[in-house]
Amino acid sequence: MFVVIVLSYAPHIAKRAVAGLGSISEFGAGMLAPTLVAERDKTKCFWLRQNWSDEERAWVHNVSQGTATFPVPYSWFQKLERPELSPLDPFVARPLISDAAYLERLGFIAPNDDCDPKATATSPRGYGSLPVGFAVLKGGADPMTGRNLEDGLGLTCAACHTGRILYKNTEVRIDGAPAMIDLGNLERVIGLSICYSDYMPWRKRRLAVALLEDRQEVSKTTWHDEKAAIERQLTAICEQKVFAKIITEGAILKKRNQTHSEEGFGRLDALNRIGNQVFYENLIEPPKEGATDEELLEQAAANTFIEQNFAAHNAPVSFPALWDVPHFIWAQYDASILNPAIRNIGEAIGVAARVNMTKTGNPSAPQFSSTVDVSAIQKIETLLSGSSAPFDGEVGFKGLQAPSWNEAASHFPDDENWKIDENEVIAGRALYFSHCAECHGSPPRDQKLLSSDPRSFWDQQGNWLQIEKEWLFKNVQKPVAVIGTDPEQARVLSERSVVLPDHLQIDTSALMKACGMLPDSALRKSFVISLMEVVSKVRDQAIRDQMQRADEPMLEVEKLAILGTRPNCPNPTSFQLAEFKNSGENGEPSHASVSSGYVAKPHYRARPLDGVWATAPYLHNGSVPTLDDLLSPQADRPAVFCVGPLEFDTQRVGLTTPSAAATNLICPEGMTRFDSAMRGNSNKGHSFEGNGVDQPVGVIGPALSVEERLNLIAYLKTL
């Protein structure tokens, strides 16, 4: 009985005990529910005004992009019990995982009428008040199999790009800000909930009965058959979509002696996850009913062939802020994507939109047909960018605006911690233009510079590039070797390769030719170029499907808006042409053996710093908890700190943290313990220290005094 009680109410203790037994019990530890953070008291909440109406915000938060991230239908998700055990479990059901307060403990923002008055039944959130970023995919024919699908549930871009700041029991909600969510533990919770329901007969019966109670068409004579069908489906989902996936992927990593880096709260290895979905998950040949032994062997060989496309999650990054991004010439931290539709549709595919990519899947559907909703994705992009260009009429961004510190401070009128000293701002502005403007540019909202001033962010001649009629901001790009920050994310772009089965008929050399690049055998298997080509085919097929649809055919003007004016090409800064001298016999130089090829030069791009105060933790991999730490020497930054729904530090600006010396830090239950010594977690680079002599890699400016950091932070708050 003691063991049952521990498993039920203190799973973190049981997990440590089981894990302590060694690798032989690793599987058992994985079967225990993750420990979640405690529920947080909240007396009030509010959304900052960022140029979206309440109706627009409610729509963005829960509109489907065509994703089915969760391995069960939407109706099942509503009925699944939490993966918690109780001595009374056979007799009393556990609470549901769909409860908004429970999902909030994983960082997801629960709907709240006080904060979100327009989230009514007429908005996409009419599906039972889902948390921000959850969206229902309406059922229909599955492009992967041809079978009919029930309504599904997936994540939309708002899940990862809607932030909140917690301060004295008040929640400040910010559209487009990095989310502080834990997607890894959400995956575990759902997987365990499914398999607990399968393994425990009482839970299996409760789930089936709950689902059948909502189906009025089921008669008494068919009730038992329908119940048995649900139970068989539950077992299949647990075995195939949960355990088979975990075991197969674990075996691949074990064979290579690799492990995933912990992502935890506020981070995701988005590029590698997207790559795994597109070039591994989507290419797994499904078991064919009634297949011959020869066909089964062929399917097994095809699945073994694509195992090499699976990559460890070793480059986790913070969710980037979305304001201003539609106007950047290059998106992503590594400046790898030019065309916005490719960026956004790639994200939708990465969170499991259904795509027909297998050889034996759905013969009645065209290759690359999908559930991706390109019209919804384009509407989200328009709301982010604004319906008019920055230089049409009044100069400035017309879509989603960066959050304002002063507006947030207005909700705390008597709190000295939110006040800004104007003298510090003046001194900080001078420091900014001395040390920050070279890369991040003049702040977009700096009123002291006219748009005609060459130093202004809005100087078209110096800072902007026109493609067709579109003006794009030319972000500064810095080589990884110069900026000195963690290289793992940039290595995904420059080093990852994939193999493509013949039936996809993907020719990356055609894309390279269209982009003015020379043929290069080494780049033929490039992950980033292959991904661009696949996503463009999904986009084009989605446009064809929607234009042929009888109920809501796409107009030509909508098609042109989705395609956009920007080409789908790799960044020439990242792939540079070079000449090589080939060797002749015995390694001697050959007089006629000079060849050309592309050399990867990974870069990270800088962005304007408007709203930077709302984007902690800092650097692309979230390795620096506060602005004060970011402006300090590398060695003074906390090596270990906690990440999660923590109190906002208004003075140092970011997450409340211990001192840099606290290496034995124990975080509150459920929080992520960030260790900068782990792969992908380096907190080096972008550092202010030294005097210009014998400086380590990553030093970008001189050491700043405590007063100078205070002044610079005061100015950054105003951006």
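Residues numbered from 1 in each chain as written. Predicted model: local features only at pLDDT ≥ 70, side-chain atom pairs only at ≥ 80, totals over all residues. Heavy atoms only, no water.

## Quick notes on helix 25 (residues 706-717)
And then number 1: Across its 12 residues, helix 25 extends 17 Å between first and last C-alpha, which sits within 8% of the 16 Å expected from 1.5 Å per residue.
And then number 2: Its buried side turned inward, helix 25 meets helix 15 (405-409), helix 16 (422-435) and helix 24 (627-630). (Helix = DSSP H or I, 4+ residues; strand = E, 2+ residues; numbered from the N terminus. Expected span 1.5 Å × (residues − 1). Contact = heavy atoms within 4.5 Å.)

## Some words on empty space enclosed by the protein
And then number 1: Across all of its chains, the model carries eight cavities of 30 Å³ or more by this definition.
And then number 2: Approximately 220 Å³ is the volume found for the largest cavity.
And then number 3: If you trace the largest cavity, you find 18 residues lining it, with R164, I165, M180, A616 and L655 closest to the centre.
And then number 4: When residues of the lining of the largest cavity are traced back to their parent elements, those giving at least two are strand 6 (162-167) and strand 18 (654-655).
And then number 5: Of the residues belonging to the lining of the largest cavity, the class tally is 13 nonpolar, four polar and one charged.
And then number 6: Here the second largest cavity defines a volume of roughly 140 Å³.
And then number 7: Lining the second largest cavity are 16 residues, with L271, Q332, S336, I337 and L531 positioned closest to its centre.
And then number 8: Listing elements by their share of the lining of the second largest cavity, those giving two or more residues are helix 11 (270-279), helix 13 (340-350) and helix 22 (527-548).
And then number 9: If one sorts the elements of the lining of the second largest cavity by residue count, helix 22 sits on top with five residues.
And then number 10: Its residues assigned to classes, the lining of the second largest cavity shows 10 nonpolar, three polar and three charged. (1 Å grid on protein atoms, 1.4 Å probe; cavity = no way out; pocket = protein on both sides within 12 Å on 5 of 7 lines; lining within 4 Å. Points joined across faces, edges and corners; volume = space filled by probe spheres on them. Nonpolar A, V, L, I, M, F, W, Y, C, P; charged D, E, K, R; others polar.)

## Quick word on the sheet that holds strand 6
And then number 1: Across the sheet, three strands lie side by side as 1-7-6; this open sheet has mixed pairing. One side of each edge strand has no neighbouring strand; the edge strands of this open sheet are strand 1 (44-47) and strand 6. Ignoring which end each strand starts from, the neighbouring axes of this sheet average 20 degrees apart.
And then number 2: Both strand 6 and strand 7 (residues 170-175) contribute to a ladder of six bridges, which runs antiparallel. Looking at the pairing, G163 lines up with I174 of strand 7. (Pairing = 2+ DSSP bridges. Axes fitted to C-alpha atoms, helices over the stretch in contact; angles between N-to-C directions.)

## With respect to the packing of aromatic side chains
And then number 1: Enumeration over the complete set of coordinates arrives at 30 aromatic pairs.
And then number 2: Ring geometry for W405 against W613: centres 5.3 Å apart, planes inclined by 80 degrees, an arrangement best described as edge-to-face. Of this pair, W405 sits in helix 15 while W613 sits in the loop between strand 15 (603-605) and helix 24, placing them 208 residues apart in sequence. You'll find W405 and W613 in the same group, each marked buried.
And then number 3: With a centroid separation of 5.7 Å and an interplanar angle of 85 degrees, the aromatic rings of F457 and W464 are classed as edge-to-face.
And then number 4: Using a relative accessible area of 3% as the deciding quantity, one classes W464 as buried.
And then number 5: A connected cluster of aromatic rings, assembled from ring pairs, spans F328, F391, F397, F457, W458, W464, W471 and F473.
And then number 6: Here the basic side chain of K379 rests over the ring of W59, its NZ or CZ set 4.2 Å away from the ring centre.
And then number 7: The aromatic ring of F527 is capped on one face by R496, whose charged end is 4.7 Å from the ring centroid. (Phe/Tyr/Trp six-rings, centres within 6.5 Å; stacked < 30°, edge-to-face > 60°. Buried < 20%, exposed > 50% of the residue type's maximum accessible area, 1.4 Å probe, protein only. Lys NZ or Arg CZ within 6 Å of the ring centre and 35° of its normal.)

## Details of the side chain of R203
And then number 1: Its location among the elements puts R203 in helix 9 (residues 201-213).
And then number 2: The class of R203 is buried, set by a relative accessible area of 1%.
And then number 3: A distance of 2.9 Å separates the side chain of R203 from the backbone oxygen of R82, its partner in a polar contact.
And then number 4: A distance of 2.4 Å separates a polar side-chain atom of R203 from the backbone oxygen of E84.
And then number 5: Not counting chain neighbours up to four residues away, the residues in contact with R203 comprise E81, R82, P83, E84, D89, R94, Y196 and S197. (Polar contact = N/O pair within 3.5 Å; in protein donor to acceptor, adjacent residues only side chain to side chain.)

## Considering the side chain of D142
And then number 1: When you line up the elements, D142 lands in the loop between strand 3 (140-141) and strand 4 (148-149).
And then number 2: On the basis of relative accessibility, which here comes to 2%, the residue D142 falls in the buried class.
And then number 3: Looking at D142, its side chain comes within polar contact range of the side chain of T145, at 3.1 Å.
And then number 4: Setting aside residues no more than four positions away along its own chain, D142 makes contact with R147, L149, R354 and N362.

## Quick word on the pairing of strand 16 (residues 640-643)
And then number 1: A two-sided burial pattern is seen for strand 16, the buried positions comprising V640 and C642 on one face and F641 and V643 on the other.
And then number 2: As judged from the four bridges shared by strand 16 and strand 19 (residues 672-675), these two strands associate in the antiparallel manner. Bridge pairing links V643 to T672 in strand 19.

## Some thoughts on the pattern of salt bridges
And then number 1: Enumeration over the complete set of coordinates arrives at 39 salt bridges.
And then number 2: Note that K227 and E231 form a salt bridge whose closest N and O atoms lie 2.7 Å from each other. Linking K227 with E231, this pair stays in helix 10 (residues 223-256), spanning four residues, or about one helical turn. As far as burial versus exposure is concerned, K227 and E231 are alike and both buried.
And then number 3: Linked through salt bridges whose partners overlap, the residues forming this network are E81, D89, R203 and R206. (Salt bridge = Lys/Arg side-chain N within 4 Å of Asp/Glu carboxyl O.)

## Some details on the state of the cysteines
And then number 1: For the structure on display, the rule yields three disulfides.
And then number 2: Covalently, C195 is tied to C238 through a disulfide, its sulfur atoms 2.2 Å apart. Across the S-S bond linking C195 and C238, the dihedral sits near 115 degrees, which makes this disulfide right-handed. Taken together, the positions of C195 in helix 8 (residues 183-199) and C238 in helix 10 put the pair 43 residues apart, joining distant regions of the chain. The same class applies to C195 as to C238, namely buried.
And then number 3: Here C642 is linked by a disulfide to C667, with a sulfur-sulfur distance of 2.2 Å. Negative torsions about the S-S bond denote left-handed disulfides, and the value of about -100 degrees found for C642 with C667 makes this one left-handed. Residue C642 is found in strand 16, and its partner C667 is found in the loop between strand 18 and strand 19; the two are separated by 25 residues along the sequence.
And then number 4: Accessibility expressed as a relative area gives 8% for C642, which makes it buried.
And then number 5: Given a relative accessible area of 15%, C667 falls into the buried group.
And then number 6: In this structure C160 is not part of a disulfide, and its nearest cysteine sulfur, from C157, lies 8.7 Å away. (Disulfide = S-S within 2.5 Å.)

## Notes on helix 10
And then number 1: Helix length check: helix 10, at 34 residues, gives a terminal C-alpha distance of 49 Å against a target of 50 Å (1.5 Å per residue), a fit within 8%.
And then number 2: Its axis deflected by about 35 degrees at A244, helix 10 carries its strongest bend there.
And then number 3: Residues K227, I230, E231, L234, I237, C238, V242, F243, E249, I252 and L253 constitute the buried set of helix 10.
And then number 4: The first or second residue beyond helix 10 is N257, which carries a positive phi of 60 degrees. (Bend = angle between axes of the 7 residues up to and from the residue.)

## What to know about the packing of helix 8 against helix 10
To describe two helices that pack against each other, one gives the angle between their axes and the distance between the axes.
And then number 1: Where helix 8 contacts helix 10, the two axes come as close as 9 Å, and the packing angle between them is 140 degrees. The angle between helix 8 and helix 10 falls in the class oblique. At the point where helix 8 passes helix 10, the crossing takes the left-handed sense. Residue-level contacts link G191, I194, C195, S197, D198 and Y199 of helix 8 to L234, T235, I237, C238, V242 and F243 of helix 10.
And then number 2: Taken together, the residues that form the contact of helix 8 with helix 10 break down as eight nonpolar, three polar and one charged. (Parallel < 35°, antiparallel > 145°, perpendicular 65-115°, else oblique. Left-handed = near helix turned anticlockwise from the far one by under 90°.)

## Observations concerning the packing of helix 4 (residues 54-62) against helix 14 (residues 374-385)
And then number 1: For the pair helix 4 and helix 14, interaxial distance at closest approach is 11 Å and the crossing angle is 135 degrees. Relative to helix 14, helix 4 is oriented oblique. Where helix 4 crosses over helix 14, the two elements pack in a sense that is left-handed. Counted together, E56, W59 and V60 of helix 4 and A376, K379, I380 and L383 of helix 14 form the full contact between these two elements.
And then number 2: Across the contact of helix 4 with helix 14, the residue classes break down as five nonpolar, no polar and two charged.

So far we have only geometry, and geometry alone does not tell us how the molecule works.
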